[in-house]
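Chain and residue survey
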Amino acid sequence: MLELGEQLRAQRLRMNLTLEDVAKSAGVSINVVRRLELGEGATLGSFVSVLRVLGRADWLATLKPPVTINPLDMLRHGAQRQRASKPNRGHNKS
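Here we summarise the structure given alongside this text. (Residues numbered from 1 in each chain as written. Predicted model: local features only at pLDDT ≥ 70, side-chain atom pairs only at ≥ 80, totals over all residues. Heavy atoms only, no water.)

**Description of helix α3 (residues 30-37)**
Looking at α3, one finds that the buried residues are Val-32, Val-33, Leu-36 and Glu-37. Along α3, the residues classed as buried sweep out an arc of 135 degrees about the axis, all on the same side. Looking at the buried side of α3, the elements it contacts are α1 (2-14), α2 (19-26) and α4 (44-53). In the segment just after α3, Gly-39 is the residue with positive phi, at about 80 degrees. (Buried < 20%, exposed > 50% of the residue type's maximum accessible area, 1.4 Å probe, protein only. Helix = DSSP H or I, 4+ residues; strand = E, 2+ residues; numbered from the N terminus. Arc of directions from axis to C-beta. Contact = heavy atoms within 4.5 Å.)

Below, the structure written as structure tokens:
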């Protein structure tokens, strides 16, 4: 999170914006912007608002996990087992 905060701060400074400028445009408090820049986090909504103000909403695409499950493959291979069955011990009742 710290590296992301440093990138936010660098982008803000490249755009020659103050903490107050960003906070006001994003509709959040100065402390929210400061916490994001320090890597301390905030709500997802605040984070997205700040990214939009900084013109970097495209960064959100880098945060999504890669798709590893293909629904068509799941259909082709059938449902995966969820649990093991007990071994069949036969029906010998002596």
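Still more to cover.
**Section: the packing of α2 against α4**
Their axes nearest at 9 Å, the elements α2 and α4 cross at an angle of 115 degrees. Classified by the angle between their axes, α2 and α4 sit roughly perpendicular to one another. Remark: the crossing between α2 and α4 carries right-handed chirality. Contact with α2, carried on its side by Val-22, Ser-25 and Ala-26, involves Ser-49, Val-50 and Val-53 of α4 and no other residues of that element. Broken down by class, the residue content of the contact of α2 with α4 amounts to four nonpolar, two polar and no charged. (Axes fitted to C-alpha atoms, helices over the stretch in contact; angles between N-to-C directions. Parallel < 35°, antiparallel > 145°, perpendicular 65-115°, else oblique. Left-handed = near helix turned anticlockwise from the far one by under 90°. Nonpolar A, V, L, I, M, F, W, Y, C, P; charged D, E, K, R; others polar.)

**Details of α2**
Residues of α2 that are buried: Leu-19, Val-22, Ala-23 and Ala-26. An end-on view of α2 places all buried positions within 100 degrees of arc, on one side of the element. Opposite its buried face, α2 presents the exposed residues Glu-20, Lys-24 and Ser-25, each directed more than 90 degrees away. Contacts made by the buried residues of α2 are with α1, α3 and α4. Phi for Gly-27, located one or two positions after α2, is positive at around 75 degrees.

Honestly, that's just the spatial picture; any functional story needs more than this.
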